[in-house]
Amino acid sequence: INDFSYLHTNCFELSIYVGCDKYPHESELPEEWENNRESLIVFMEQVHRGIKGVVRDVHGKGIPNAVISVEGVNHDIRTGK
């Protein structure tokens, strides 16, 4: 569903597996967290990179369904309602 969400909505979803076991036992979770903590935190900090903002008209009202294109990126997105 991640590809579908990216291609057909404004939602970019990720599934991240940090080990070979997709469903580790509860007792293994603290060790998995410690093994991957630093890289996961750095990854989460990346949400603050890039361009973000609000698309508004000359009166300051949001513009629903406005198309946003980035040169060199073959995937336009639209603003929400």
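The name recorded for the protein chain in an unreviewed UniProt entry is CPXM2 protein, from Eubucco bourcierii.

A few words on a nonpolar patch on the surface. A surface patch of nonpolar side chains, about 1,100 Å² in accessible area, is lined by Tyr6, Leu7, Phe12, Leu14, Ile16, Val18, Trp33, Ile41, Phe43, Met44, Val70 and Val73. Assessed through its relative accessible area of 33%, Ile41 is described here as partly exposed.

So, on to the pattern of salt bridges. Under the counting rule described, the total for this entry stands at 1 salt bridge. In this structure, the salt-bridge partner of Arg37 is Glu34, at a minimum N-O distance of 3.5 Å. With Arg37 and Glu34 both in helix α2 (residues 29-45) and 3 residues apart, the pair spans about one turn of that helix. What makes Arg37 partly exposed here is its relative accessible area of 36%.

About the criteria used
- Residues numbered from 1 in each chain as written.
- Predicted model: local features only at pLDDT ≥ 70, side-chain atom pairs only at ≥ 80, totals over all residues.
- Heavy atoms only, no water.
- Patch = residues over 30% accessible without salt bridge, like charges linked within 9 Å, V, L, I, M, F, W, Y side chains within 5 Å.
- Areas by Shrake-Rupley, 256 points an atom, 1.4 Å probe, with all protein chains shown as cover.
- Salt bridge = Lys/Arg side-chain N within 4 Å of Asp/Glu carboxyl O.
- Buried < 20%, exposed > 50% of the residue type's maximum accessible area, 1.4 Å probe, protein only.
- Helix = DSSP H or I, 4+ residues; strand = E, 2+ residues; numbered from the N terminus.

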